[in-house]
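# Fold and contact review
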Amino acid sequence: MRCDVVDRVATLTFDRPAKKNALTFDIYAELRDYFRALPLDPEVRAVVLTGDGGNFCSGGDVHEIIEPLTRSSMPELLAFTRMTGDVVKAMRACPQPIVAAVDGVCAGAGAMLALASDLRFGTPRSTVAFLFVRVGLSGADMGACALLPRVVGAGRAAELLFTGRALRAEEGEAWGFFNRLVDPATLLVEAQALALELAHGPTFAHAVTKRLLHQAWAMGLDEEIEAEAQAQAICMQTHDFKRAFTAFAGRKKPQFAGD
């Protein structure tokens, strides 16, 4: 996996194109450790997650992950499934918005990594499949039963998780999985442009938005409204809020610094 940081945007690229960017044990650990460290990285304010060679990620490598798991003990299996879940936890916990740029195949754990991102761009040739049932496993993997219904609805999530069928690009956009579909040739550029806009926006406020979007599903409406009232009052104390007012009053575009 490659990591390139330009102008406060980190682009993480799965770079095993010959295997449709299949994951290995080491890549899982690398992802977990990277996203766990992001809250303390002042140089990165937004992330783009993408894949090389016209595909996003085909999930766990059959020979490097699936086959060894068939010979593993129960403690070893649980350690692995907890590690994969820890990747999603770290992605949801980091304050930086994550934009997934999804072309071609996006399957299994790859589909979960796209789902765990905050925003998803696809292309007309993107296909998404939660394939766990196709290898004799449940759809309950890496938080799928919690996250997928939030994005596409409970009934549609049940269909995808029970059948493992492919979600085609246009259907994925109509269901809300993809925020938009773009040309494959401009996918990464457009995803990075959005990430750059977010990275140069009110990043403290973006972090608050991400946290409350994540927490809202565990709150009642009254609790969520109170949490948002407190969060907004805190944001009103930031320099970004004051800069925005000054810029608007002077009919200028605000320049944010994330403080």
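Look up: the structure comes first, before these words.
Figured I'd write up the structure that's included with this text.

Basis of the calculations
- Residues numbered from 1 in each chain as written.
- Predicted model: local features only at pLDDT ≥ 70, side-chain atom pairs only at ≥ 80, totals over all residues.
- Heavy atoms only, no water.
- Phe/Tyr/Trp six-rings, centres within 6.5 Å; stacked < 30°, edge-to-face > 60°.
- Helix = DSSP H or I, 4+ residues; strand = E, 2+ residues; numbered from the N terminus.
- Buried < 20%, exposed > 50% of the residue type's maximum accessible area, 1.4 Å probe, protein only.
- Polar contact = N/O pair within 3.5 Å; in protein donor to acceptor, adjacent residues only side chain to side chain.
- Contact = heavy atoms within 4.5 Å.
- Pairing = 2+ DSSP bridges.
- Salt bridge = Lys/Arg side-chain N within 4 Å of Asp/Glu carboxyl O.

### A closer look at the packing of aromatic side chains
One pass over the structure, following the stated rule, counts 6 aromatic pairs. Judged by centre distance (5.8 Å) and plane angle (85°), the ring pair of F14 and F56 falls under edge-to-face. With F14 in strand β2 (residues 9-14) and F56 in the loop between β3 (46-51) and α2 (62-69), this pair connects stretches of sequence that are 42 residues apart. Taken as a pair, F14 and F56 share a single burial class, namely buried. Where F177 meets F178, the ring centres are 5.2 Å apart and the plane angle is 90°; that geometry is what we call edge-to-face. F177 gets classed as buried once you look at its relative accessible area, which sits at 0%. Under the relative-accessibility criterion, F178 is labelled buried at 2%. Taken together, the aromatic side chains of F25, Y28 and F80 make up a single cluster linked through ring pairs.

### A short note on the side chain of R92
Note on placement: R92 falls in helix α3 (residues 74-93). Within the structure, the side chain of R92 is placed 2.8 Å from the backbone oxygen of A116, a separation counted as a polar contact. Apart from residues no more than four positions distant in its own chain, R92 is found in contact with A116, S117, D118, K210, R211 and H214.

### Observations concerning the pairing of strand β4 (residues 98-101)
Alternating positions in β4 separate into two faces, I98 and A100 on one and V99 and A101 on the other, with burial throughout. The pairing of β3 with β4 spans 3 bridges and is parallel. Counterpart to V47 in the pairing with β4 is I98. Strand direction decides the pairing type here: β4 and strand β6 (residues 119-122), joined by 3 bridges, are parallel. Note on β6: the bridge partner recorded for A101 is F121.

### Description of the sheet that holds strand β5 (residues 105-107)
The mixed open sheet is built from 3 strands, whose spatial order is β5-β7-β8. Each edge of the open sheet is held by one strand with a lone partner, namely β5 and β8 (167-168). Direction of pairing for strand β7 (residues 127-129) relative to β8: antiparallel, over a ladder of 2 bridges. The residue bridging T127 from the neighbouring strand is R168, located in β8.

### A short note on unusual backbone geometry
Phi at R8 takes a positive value of approximately 75°, unusual for a residue other than glycine. Topologically, R8 is positioned in the loop between β1 (2-6) and β2. Backbone geometry at N21 places phi at a positive 60°, although glycine is not the residue there. Looking at the secondary structure, you find N21 in the loop between β2 and α1 (25-37). For N21, a relative accessible area of 1% gives the class buried.

### Some remarks on the pattern of salt bridges
Opposite charge on two side chains permits them to pair, given that their charged atoms come into close proximity. Going through the model one piece at a time under the given rule, you end up with 15 salt bridges. For D86, the salt bridge goes to K89, with nearest N and O atoms at 3.8 Å. Of this pair, D86 and K89 both sit in helix α3, 3 residues apart, which is roughly one turn of the helix. One salt bridge in this structure joins R92 and D118, with 2.9 Å as the shortest N-O distance. Here R92 is found in helix α3, whereas its partner D118 is found in the loop between α4 (109-115) and β6, with 26 residues between them in sequence. Bridged by salt links that share partners, the residues R16, K19, D61 and E64 form one connected network.

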